[in-house]
Amino acid sequence: MRNSGSVVASGIMTAVFATTAFTTAAEAKVSAPPGARIFRLDGAGVTYAMGVDDKGYLQPLYWGAPLAAGDPLVSTDPVKTGDPVLVKAPGELSGFDPAGSVTLQEYPGQGEGLVNDPGIKTIFADGNRDLVLKYRSHSVQGETLIIELADIRRPLSVTLRYTIDPETGVLARSASVRNGDSRPVRVDQIASAVFTLPVGDDYRLHYLTGRHAAEWQKKDVAITPALTVLESRRGSTGHGNNPYFAIGKQGATSEAHGPVWFGALAWSGSFRISVGQDNLGRIRVMGGYNPYDFSWSLKPGETLDTPIFYAGYSDAGMGGASRIFHRFEVAHIMPGGVKAKLRPVLYNSWEATAFDVTEAGQEALAEKAAKIGVERFVVDDGWFGARNSDKAGLGDWTVNRTKFPNGMKPLIDKVHTLGMDFGLWVEPEMVNVDSDLYRAHPDWVLNYTGRPRTEGRNQLVLNLARKDVRDHLLGVLDTLVSENDIAFLKWDYNRNWTEAGWPAMPVQDQQRVYVDYVRNLYHILTELRRRHPKLEIEGCSGGGGRVDLGILGLTDEVWPSDNTDPADRLMIQDGFTQAYPTSVMMAWVTDSPNWANTRATSLDYRFLSSMQGGLGIGANLDKWQQEDFATATKWVAAYKTIRQTVQRGQLYRIDPPSTDNATSATMYVAQDRRQGVMFQMLHSSMWRDNPAPNHPQGLDPSVIYRVSILGGGVLPEGVPARASGAYWMERGLRAPLKGDFVGAAFVFDAAK
C-alpha cells in the first residue's frame, strides 16, 4: 500500500500520517495486564481492534468510528474502573450452543462446533476435519501487522496480514495457510478475511448484481440469520454479483448520513462473499476464493495465499463511503495512482465496421474522428488472422495481410499524423476451434478428457493456468506491441467457463486451475506493462463481467457494460460508482436507436450521459450528417474543460437515477473545490412541469462561483451568474427541462 504508515509495540498498532515509527503501550495510553494482547489499528477516522482471549482465540473487538487512544477495548474491572482486563472467552450457551460455536473469532477454523462460515476448512491426510486455530505470535514488517494462528495439535498455521491507510482508514486484509506436516492437507475453503459487526437487527446489506447488458443494479436486503451469498462460479468475476458489499443501518443510513461498513475483494476469478447473523445476532462478513468445485492439496511445506480483501468505514452515508473508497482506489490500486494520466477521448470502430475491417475504411473513420477532437483511435475486432466473423481466427494474433497488405504501420502512421494515438482490440484468453492455434494445440483449452468442449460465442477458453499457454500469450502480445506503435489494448473476455478441467495435472491438483489461471493472467498483464511502460489497457468482459480490485490494479480503465443506451447507462454508472471510481469508468456515445432496447435519443442527450465518465465514441461516423459532427465537436471540446473534475473529483449523487424517478442529478467537484459540474437529466416529463431545484453539494461555502451552461447557452430565468458556494448549496437551481430524454449541465467555476 503506497503512502501509508503505521506504528506498533506491545501489541498496539496505530496508523500515522505518512511515516513509520514505533511507540510504547504507555505512550499510546493503553495498558494491558501480563498475558493480554490487544491489537489496534487507527487511520483517518477509523478504529479496528482485536485481542487474544484467555483461551488463546483471536477475537474481533471493534470496527467503526474512531476511539480515543485510552478508551477500553474490552470489558473493565468493576473495582478498577477503566483498566482493561484480559479478553474473556464465553462459556457454553446451552447444550446446543457449545463455547466453540459462540466464541467470536477473527479467523475461525472449521472445528470445535463451529456452525458459521469458517475462515478455513481443511481435511488432513488421516481424514481429520477438525481445525481449531489459536494465537501463536505477532510481528510488524514495515506497514503490515502480521498475526500467526496455529492449530492446537497439527502443524498447520494461518498467517493474517493487516494494513490500514492513514488517509482513508481503508483496511487491507489477507491470509496464508502453511502445511508444516509431512503429508498433504486438503484445503476445501479459505477466506481472505472475516469481518464482524456488533449485535443488531437493523443492518441492511447493499450489493451490486445484474446480467450481461444489465449490470450494476443496486440491491439492498435485511441481514438476518438466513445467509446472503454473493458469488461467482464462472471462473471470472462475472456479471451476476460483484465482489463488493456495503452495510448500513435501517432508518439511520442514507446517501448522505449514517454509518456504512464497506469492502471489495481484489480477485478476478470465482469468489464468494457471505453475510449474515450468527446464532447470537452478530453480523459476520466472510470473503475469499469460492469453495465451489475448488480444493487445494497443500503439499508439505507449501503455502497458499489468498487475495486481499479491502474494507472501510464511513459515518457519512453511502455517498461518503463511495468517496472514501474512490480516493483509496485511485491512490493505491490504479496504475500510476494520483499521477496517472486522464482518460483520453476515444473512438472505437466496432459499430461502424464490425468484422469488415480494412486499411482504407479505418483511415476514413480516423479522419472523421480527428475532426471532432478524438485523442485515441481504436480498431476493434476483425484485424487479425482469418477473422471475418466470430467463428474463426481467434487466437491467431497476427495482422491480416488481406485487410492490411502492408501491415498495421500505414494506418498507425495515419492516425498519428491526425494527432491521435492508436489502439487495438484483443481477446487473448480465448480461441476458435477454426484457428491455427487450436489446430496446433487442442490440449491448451479448459477441458475434461472424453467430455464435450462447450463453445460460447463460438469459442473456447484457453487454460492460462498452464505455464506454456501463459508464456505463449505473453510472447505474442509482446511481439504485437513491440512491432507496432500501439498505445492501448482493449482486452476482452467474452464467455464464462465450462468443463473447467486440467487433465495434464495430477487428479488432486486439477482444481488449482481456479487460482493459477487468475494468477497467470495477472502475470501476463504485469509483465506486459513492465516491458511496455507506456502501454495502457482496458479491462472488458462483455461489458462489466470482470471488474474488481484485482483487474483494476493492472488496467487503466474498464468497460462497465455493453449496454450503451444513455438512459440505462445513467443507472449502470450510478451502480458502478458505488464501488469503483469514475476515473476508470468508460462511457460511450453510440448510435440511435440503441441496439440494447431500440430506444431513440438525441445526440446531445447521449453526450451528456457519457460525459459523466471517461468519454468515448463508438457510433458509425460514416452515417453521421454535418450537424452531428458539429454537435459532437461542441461536446468533446466542452468535456475537455471539465474532464479533470469528472474523472478525479468527488462524486455526489444529488438525485440518483432509478426506474421510478423521472429525473436525476449528479455532481462532480474538483479536489481543490475550484470547479464543480452538476448534470441534470430528465427521463420523461410527467404531470409536474415545475420540479423542485437540485441543490449542489461539495462546493466551498465561502468561495464565489461563476455558473455557466456546459456547451454554451443562456442561464435559466432567476439563476444568478455569480454567487457563493453557500448560496448554491442552500438555494439550489434547476434546468427547465421538458420532454423526453433531455439534459443539461451547470459548471461552477471559482471566481478569480
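What counts, and at which threshold
- Residues numbered from 1 in each chain as written.
- Predicted model: local features only at pLDDT ≥ 70, side-chain atom pairs only at ≥ 80, totals over all residues.
- Heavy atoms only, no water.
- Helix = DSSP H or I, 4+ residues; strand = E, 2+ residues; numbered from the N terminus.
- Buried < 20%, exposed > 50% of the residue type's maximum accessible area, 1.4 Å probe, protein only.
- Contact = heavy atoms within 4.5 Å.
- Pairing = 2+ DSSP bridges.
- Axes fitted to C-alpha atoms, helices over the stretch in contact; angles between N-to-C directions.
- Parallel < 35°, antiparallel > 145°, perpendicular 65-115°, else oblique.
- Left-handed = near helix turned anticlockwise from the far one by under 90°.
- Nonpolar A, V, L, I, M, F, W, Y, C, P; charged D, E, K, R; others polar.
- pLDDT = per-residue confidence, 0-100.
- Phe/Tyr/Trp six-rings, centres within 6.5 Å; stacked < 30°, edge-to-face > 60°.
- Lys NZ or Arg CZ within 6 Å of the ring centre and 35° of its normal.
- Salt bridge = Lys/Arg side-chain N within 4 Å of Asp/Glu carboxyl O.
- Expected span 1.5 Å × (residues − 1).
- Polar contact = N/O pair within 3.5 Å; in protein donor to acceptor, adjacent residues only side chain to side chain.
- Patch = residues over 30% accessible without salt bridge, like charges linked within 9 Å, V, L, I, M, F, W, Y side chains within 5 Å.
- Areas by Shrake-Rupley, 256 points an atom, 1.4 Å probe, with all protein chains shown as cover.
- Lys, Arg positive; Asp, Glu negative; His and termini not counted.
- Charge placed at Lys NZ, Arg CZ, Asp CG, Glu CD.
- Core = buried A, V, L, I, M, F, W, Y, C linked by side-chain atoms within 4.5 Å.

Chemist: Tell me about the overall build of the protein, and name the residues and values.
Modeler: On a plain count of helices and strands, the protein comes out with 13 helices and 37 strands. Taking the principal axes of its C-alpha atoms as reference, the protein extends roughly 85 × 70 × 45 Å. Across the 752 residues in the protein, those meeting the buried criterion constitute 60%. Considering only contacts within the protein whose residues lie at least 6 apart along the sequence, 69% involve residues at least 24 apart.

Chemist: Outline the sheet that holds strand 3 (residues 37-42), supporting the account with residue identities and numerical values.
Modeler: Strand order across the open sheet formed by 3 strands is 3-4-5, with antiparallel pairing between neighbours. Unpaired on one side and paired on the other, strand 3 and strand 5 (58-64) mark the two borders of the sheet. Shown here is a sheet whose adjacent strand axes are inclined to one another by a mean of 15°, direction ignored.

Chemist: Account for the packing of helix 11 (residues 603-610) against helix 12 (residues 626-648), with residues named and values stated.
Modeler: Helix 12 packs onto helix 11 with a crossing angle of 25° between their chain directions and a minimal axis gap of 10 Å. By the angle class used here, helix 11 and helix 12 are roughly parallel. When the axes of helix 11 and helix 12 are compared, the crossing they make is right-handed. Contacts between helix 11 and helix 12 involve Leu603, Asp604, Phe607 and Leu608 on the former and, on the latter, Asp628, Thr631, Ala632, Lys634, Trp635 and Val636. Grouping the amino acids of the contact of helix 11 with helix 12 by side-chain chemistry returns 6 nonpolar, 1 polar and 3 charged.

Chemist: With reference to specific residues and values, describe the confidence of the model for the protein.
Modeler: The pLDDT averaged across the protein works out to 92; a share of 93% of its residues lies at or above 70. In this model, residues 1-35 is a region of pLDDT below 50 whose contacts with residues beyond four sequence positions or in other chains number 94 contacts. Below pLDDT 50 for its whole length, residues 76-85 participates in 12 contacts with residues either more than four positions away or in separate chains.

Chemist: Residue-level account of the environment of Leu145, with values.
Modeler: Relative to the helices and strands, Leu145 is located in strand 8 (residues 144-151). Spatially, the C-alpha atoms of Leu145 and Leu114 are 26 Å apart, while their sequence positions differ by 31 residues.

Chemist: Hey, could you go over the packing of aromatic side chains for me, with residue numbers and the actual values?
Modeler: Two measures describe an aromatic ring pair: the distance that separates the ring centres and the angle between the ring planes. Counting across every chain of the model gives 31 aromatic pairs. A ring pair is formed by Phe262 and Phe325, whose centres lie 5.0 Å apart and whose planes are at 55°; its orientation type is tilted. Residue Phe262 is located in strand 16 (residues 260-265), and its partner Phe325 is located in helix 2 (residues 317-332); the two are separated by 63 residues in the primary sequence. With respect to burial, Phe262 and Phe325 carry one shared label: buried. Ring pairs connect the aromatic residues Tyr48, Trp63, Tyr162, Phe195, Phe245 and Phe309, which therefore count as one cluster. We note Arg546 situated over the ring of Tyr493; from NZ or CZ to the ring centre the distance is 4.2 Å. Taking NZ or CZ as reference, Arg569 lies 4.7 Å from the ring centre of Trp559, over its face.

Chemist: For the pattern of salt bridges, give the residues involved together with the corresponding values.
Modeler: Under the criterion given, the structure shown has 44 salt bridges. The salt bridge involving Asp434 is made with Arg439; its shortest N-O contact spans 3.0 Å. Overall, Asp434 belongs to the partly exposed group, its relative accessible area being 41%. Three or more residues joined by partner-sharing salt bridges are found here, namely Lys341, Arg343, Arg376, Asp421, Glu536 and Glu557.

Chemist: Tell me what's going on with helix 8 (residues 513-531), and back it up with residues and numbers.
Modeler: Taking 1.5 Å per residue, 19 residues should reach 27 Å; helix 8 reaches 26 Å between its end C-alpha atoms and fits that length. Burial analysis of helix 8 places 14 of its 19 residues in the buried class, the great majority of the element.

Chemist: Help me get a handle on the sheet that holds strand 32 (residues 650-655), residues and values and all.
Modeler: The strand order across the open sheet formed by 6 strands is 32-33-34-37-35-36, and the pairing between neighbours is antiparallel. In this open sheet, the two edge strands, each paired with only one partner strand, are strand 32 and strand 36 (722-724). Across this sheet, the average inter-strand angle for adjacent strands is 25°, counted without regard to direction.

Chemist: Any details on the pairing of strand 28 (residues 536-539)? Residues and values, ideally.
Modeler: Across the two faces of strand 28 the burial is the same, with Glu536 and Glu538 and Ile537 and Gly539 all buried. Looking at chain direction, strand 28 and strand 29 (residues 557-558) are connected through 2 bridges and run parallel. Counterpart to Gly539 in the pairing with strand 29 is Val558.

Chemist: Would you mind going over the side chain of Ser322 in detail, with residue names and values included?
Modeler: Looking at the element boundaries, Ser322 is found in helix 2. Relative accessible area serves as the criterion here: at 1%, Ser322 is assigned to the buried category. A polar contact is formed between the side chain of Ser322 and the backbone oxygen of Gly319, at a distance of 3.0 Å. In this structure the side chain of Ser322 is engaged in a polar contact, spanning 3.2 Å, whose partner is the side chain of Arg653. What Ser322 contacts, discounting residues up to four positions off in sequence, is Thr577, Gln578 and Arg653.

Chemist: Please set out the environment of Arg512 residue by residue, giving values where relevant.
Modeler: Following the sequence through the fold, Arg512 ends up in the loop between strand 27 (488-491) and helix 8. For the pair Arg512 and Ser295, spaced 217 residues apart in sequence, the C-alpha to C-alpha distance is 7.0 Å. Those residues in contact with Arg512 that lie beyond four places of it in its chain are Ser295, Trp296, Ser297, Lys299, Glu302 and Trp502.

Chemist: A description of a positive patch on the surface should follow, citing residues and the corresponding values.
Modeler: The grouping of Arg674, Arg706, Arg722 and Lys752 at the surface amounts to a positive patch. For Lys752, the position within the fold is in the segment after strand 37 (740-750).

Chemist: Go over the nonpolar core with me, naming the residues and quoting the values.
Modeler: Soluble globular proteins tend to pack their nonpolar side chains together in the buried interior. If you look at the biggest cluster of nonpolar residues, it comprises 181 residues, and the most contacted ones within it are Ile247 and Trp383. For this core, the element with the most residues is helix 8, which contributes 10 residues. Beyond its immediate sequence surroundings of up to four residues, Ile247 is in contact with Leu197, Tyr203, Arg204, Leu205, Ile223, Pro259, Val260, Trp261, Val275, Ile283 and Val285. If you look at the next biggest cluster of nonpolar residues, it comprises 20 residues, including Ile654, Leu699, Val707 and Ala744.

Chemist: Describe helix 2, with residues and values.
Modeler: Here helix 2 spans 22 Å end to end across 16 residues, near enough to the 22 Å set by a 1.5 Å rise per residue. Within helix 2, 15 of the 16 residues are buried, which leaves the element mostly enclosed by the surrounding structure.

Chemist: Quick rundown of the packing of helix 4 (residues 359-371) against helix 5 (residues 409-417)? Include the residues and the values.
Modeler: Where helix 4 contacts helix 5, the axes come no closer than 10 Å and their chain directions differ by 10°. Taken together, the axis directions place helix 4 and helix 5 in an arrangement best described as roughly parallel. In this structure, helix 4 uses Glu359, Gln362, Glu363, Ala366 and Glu367 to contact helix 5, whose residues at the interface are Pro410, Leu411, Lys414 and Val415. Within the contact of helix 4 with helix 5, the residues separate by chemical class into 4 nonpolar, 1 polar and 4 charged.

Chemist: How would you summarise the pairing of strand 18 (residues 283-289) if you had to cite specific residues and measurements?
Modeler: Counting buried residues along strand 18, 7 of its 7 residues qualify, which places the element largely inside the surrounding structure. Pairing of strand 11 (residues 185-197) with strand 18, which is carried by 6 bridges, proceeds in the antiparallel orientation. Opposite Phe195, over in strand 18, you have Val285 as the bridge partner. As defined by bridge partners, strand 17 (residues 271-277) adjoins strand 18 across 7 bridges and the pair is classed as antiparallel. Among the inter-strand pairings, Ile273 is bridged to a residue of strand 18, identified as Gly287.

Chemist: For unusual backbone geometry, give the residues involved together with the corresponding values.
Modeler: Across the junction of Ser592 and Pro593, the peptide omega takes the value 0°, indicating a cis bond. Take Pro593: it is sitting in the loop between strand 30 (586-589) and helix 11. The phi angle at Asp293 is positive, at roughly 60°, despite the residue not being glycine. For Asp293, the position within the fold is in the loop between strand 18 and strand 19 (296-298). In this structure Asp293 comes out as partly exposed when scored by relative accessible area, which is 31%. Even without a glycine there, the phi angle at Phe741 is positive, about 55°. Structurally, Phe741 is set in strand 37. For Phe741, a relative accessible area of 15% puts it in the buried group.

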